[in-house]
Amino acid sequence: MGSNQSQSTIQHQEQENADDIERGITAMKHPQHEKLQKHDELQRLAHIYTTRNYLHKHRNNVLDYDRIECTKENMILVKQIFKQLDPTVMKCTNIEGDLLLSMKYDTSRETLMIKVIRARDLTPRQIRGATADPYVKLKLFPDHHSQGIKETRVTKRTLNPVYHEIFSFDLPKDVVSTTKLAVQIWDHDILSNDDFIGESLIELKNYDFQLQPITTAWFPLQNETDLSITGTLNIALGYRFPQTLLVTVISGHQLAPRDINNSADPFVKIMIPGISTIHQTQVKKNTLNPVWNETFEFTVPFEEFPYRYIVFNTVDHDTIGDNDSMGQIIIDLGNLDPDIGYYGDFELADLKNTDRLRSKWSQKAIAQEFKEALVAHSQFTMPDLLFKRHTGNKVVSLTCRKAGASTRMKLLDGIPIR
């Protein structure tokens, strides 16, 4: 009987188990259970896709960052190469814009005060940029008290910056008339050297601060003027009818050094705008007081004298890098008496901003060609040799046959070194 009871109990338990299983199967088939299952499955799939998308996006962000960093390095490299081909590439072909300044001279304190107010219509200097990060530098020439360069803050992403900053320079009354104020605008570049935007060179002798204590005006920007140029050229002019102009370059005196050894290898180029003939003296080695005594002939009818002039461009010859300008002289032929001629000393100066040189010199066209080539290289990322990751030590060479210029640059892990 006990055995029958145990058997009955077992059968009852098995039946309960079977009923539980059946109820479970029935519950799983219930629509509400299916809905919960689908919800859990969707959550699991959503988590998988979210994780996958995050990893994919993260990987793309890393790749994009690498590409951006690589492009930055490549742009710096191309920019530096073109700067070595022609340093004016980021400078001189299209200086535009104006600078608003207010100047006051305090006679009792012998202090010149300048308020840099704003600038307008600046030209961007980045290769493919439409804006700039401009700031202003101020300096006196000569700087009698070694006050150095004063600078405004950098304004971000604008071609019409506003500053309203005031600066002061100690300036004795007796040197005001012989002092120049150079005000330059530069584009701040965190990746490489800052780029020149423009300059206003103000000769204080042109302002009567006693009659008008405060002067506020817009000053147009132009190319940078090299105020370190000094010295004179000794020149003789003669004329032989019917139409031969004789130009003799005799000597130079106390030229400004251009080498680290405080010397130079000067020569002089002579040209008359509108006449194709260009003459050049011999190069004199290692001297700031060269003697040439060389005579050159130009064909110039006497009736053209009133609108002809001679340009003397003194240059320091450099066998490794670029030649350096040592200043220019302009002589108007309208003042020349062909029966008497002329003999005398002329003071050298940086005259590239004068209208007669700015509109005539072929360097402007060459610099513009360089700049257009630079922009083209950056837009089309060509050649492939430059626009890729650089590791180790390499030497990159670039030649521009049309301009007759070439350069070589050493790279250390993609960083240009000179």
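Residues numbered from 1 in each chain as written. Predicted model: local features only at pLDDT ≥ 70, side-chain atom pairs only at ≥ 80, totals over all residues. Heavy atoms only, no water.

**Q** Can you walk me through the overall build of the protein chain in this structure?
**A** What the protein chain contains, in helices and strands, is four helices and 19 strands. Counting all 418 residues of the protein chain, 39% fall into the buried class. Considering only intrachain contacts with a sequence separation of at least 6, the fraction spanning at least 24 residues in the protein chain is 64%. (Helix = DSSP H or I, 4+ residues; strand = E, 2+ residues; numbered from the N terminus. Buried < 20%, exposed > 50% of the residue type's maximum accessible area, 1.4 Å probe, protein only. Contact = heavy atoms within 4.5 Å.)

**Q** Help me out: how do you make sense of the confidence of the model for the protein chain in this one?
**A** Detailed reading of the predicted coordinates is not advisable wherever pLDDT falls low. Residues of the protein chain with pLDDT of at least 70 account for 61%, and the chain-wide mean is 77. The low-confidence segment residues 24–29 (pLDDT under 50) makes four contacts with residues lying over four places distant or belonging to another chain. Low confidence marks residues 62–66, where pLDDT is under 50. Its contacts with residues over four positions away, or in another chain, come to one contact. (pLDDT = per-residue confidence, 0-100.)

**Q** Looking at this structure, how should I read the packing of aromatic side chains?
**A** To describe a pair of aromatic rings, you give the distance between the ring centres and the angle between the ring planes. One pass over the structure, following the stated rule, counts nine aromatic pairs. Ring plane angle 55 degrees and centroid distance 6.5 Å describe the contact between tyrosine 239 and phenylalanine 302, whose orientation is recorded as tilted. With tyrosine 239 in strand 9 (residues 232–240) and phenylalanine 302 in the loop between strand 13 (291–299) and strand 14 (309–316), this pair connects stretches of sequence that are 63 residues apart. Residue tyrosine 239 is classed as buried on the basis of its relative accessible area of 10%. Summarising the aromatic geometry, the rings of tyrosine 342 and phenylalanine 346 are spaced 5.4 Å apart at their centres and angled 55 degrees between planes, so their arrangement reads as tilted. With relative accessibility at 40%, the residue tyrosine 342 sits in the partly exposed group. Following the ring pairs from residue to residue traces out a cluster consisting of Tyr239, Phe241, Phe302 and Phe305. (Phe/Tyr/Trp six-rings, centres within 6.5 Å; stacked < 30°, edge-to-face > 60°.)

**Q** I tried to follow the sheet that holds strand 7 (residues 195–203) on my own but got confused; where do I start?
**A** Across the sheet, four strands lie side by side as 4-3-6-7; this open sheet has antiparallel pairing. Each end of this open sheet is capped by a strand with a single partner; those strands are strand 4 (150–151) and strand 7. (Pairing = 2+ DSSP bridges.)

**Q** Please explain unusual backbone geometry as it appears in this structure.
**A** The general pattern is negative phi for most residues beyond glycine and trans for most peptide bonds. In this structure, the amide linkage connecting phenylalanine 141 to the following residue, proline 142, adopts the cis form with an omega of -10 degrees. Of note, the bond from phenylalanine 241 into proline 242 is cis; its omega dihedral lies within 30 degrees of zero at 20 degrees. Position of proline 242 among the secondary structure elements: in the loop between strand 9 and strand 10 (244–253). Look at aspartate 121: it is not a glycine, yet its phi comes out positive at around 55 degrees. Relative to the helices and strands, aspartate 121 resides in the loop between strand 2 (111–120) and strand 3 (134–141).

**Q** Quick question: what am I supposed to make of the sheet that holds strand 5 (residues 162–170) here?
**A** Here four strands make up an open sheet; going across it, the order is 5-2-1-8 and the pairing antiparallel. Looking at which strands have only one partner, the edges of the open sheet turn out to be strand 5 and strand 8 (214–220). Within this sheet the neighbouring strands show an average axis-to-axis angle of 20 degrees, counted without direction. (Axes fitted to C-alpha atoms, helices over the stretch in contact; angles between N-to-C directions.)

**Q** What should I look at first to understand the nonpolar core in this one?
**A** Across soluble globular proteins, you tend to see nonpolar side chains buried next to one another. If you look at the biggest cluster of nonpolar residues, it comprises 33 residues, and the most contacted ones within it are Leu181 and Leu204. Only strand 1 (98–106), strand 2, strand 3, strand 5, strand 6 (180–187) and strand 7 provide two or more residues apiece to this core. Among residues more than four places away in sequence, those in contact with leucine 181 are Met103, Ile114, Lys139, Leu140, Phe169, Ser200, Leu201, Ile202 and Leu204. Ranked by size, the runner-up nonpolar core spans 29 residues in total, among them Ile235, Val268, Ile275 and Phe346. (Core = buried A, V, L, I, M, F, W, Y, C linked by side-chain atoms within 4.5 Å.)

**Q** Just checking my understanding: could you explain the pattern of salt bridges for this structure?
**A** Where charged atoms from two side chains of opposite charge approach closely, those side chains can pair. Using the criterion set out here, one finds seven salt bridges in the structure. Here aspartate 98 ties to arginine 120 by a salt bridge, and the two come within 3.3 Å at their closest N and O atoms. Separated by 22 residues along the polypeptide, aspartate 98 in strand 1 and arginine 120 in strand 2 bring together distant segments of the chain. A salt bridge links glutamate 203 to lysine 205, with the shortest nitrogen-to-oxygen separation between them at 3.4 Å. Judged by relative accessible area, which is 28%, glutamate 203 ranks as partly exposed. The exposed category is assigned to lysine 205, whose relative accessible area is 53%. (Salt bridge = Lys/Arg side-chain N within 4 Å of Asp/Glu carboxyl O.)

**Q** Would you take a moment to explain the side chain of aspartate 106 for this structure?
**A** Positionally, aspartate 106 belongs in strand 1. When its relative accessible area of 17% is taken as the criterion, aspartate 106 is described as buried. Among the polar contacts listed, one links the side chain of aspartate 106 to the backbone nitrogen of arginine 109, at a separation of 3.2 Å. Each residue touching aspartate 106, except ones within four places of it in the same chain, is listed here: Thr111 and Met113. (Polar contact = N/O pair within 3.5 Å; in protein donor to acceptor, adjacent residues only side chain to side chain.)

**Q** Explanation requested: the pairing of strand 3 in the structure shown.
**A** Along any regular strand, the residues point their side chains to alternate faces of the sheet. Extensive coverage of strand 3 is indicated by the burial of six of its eight residues. Here strand 3 runs beside strand 6; their pairing, made up of eight bridges, is antiparallel. Residue pairing in the sheet places valine 136 in a bridge with isoleucine 185 of strand 6. Bridge count for strand 3 against strand 4 is two bridges, and the pairing is antiparallel. The residue of strand 4 that forms the bridge with lysine 137 is glutamate 151.

**Q** Hey, could you run me through the environment of threonine 314 in this one?
**A** If you trace the backbone, threonine 314 turns up in strand 14. Relative accessible area serves as the criterion here: at 0%, threonine 314 is assigned to the buried category. Along the backbone, threonine 314 and phenylalanine 267 are 47 residues apart, and their C-alpha atoms lie at a distance of 5.9 Å. Once residues lying within four places of it in the same chain are set aside, the contact partners of threonine 314 are Leu233, Leu255, Phe267, Val268, Asp324, Ser325, Met326, Gly327 and Leu348.

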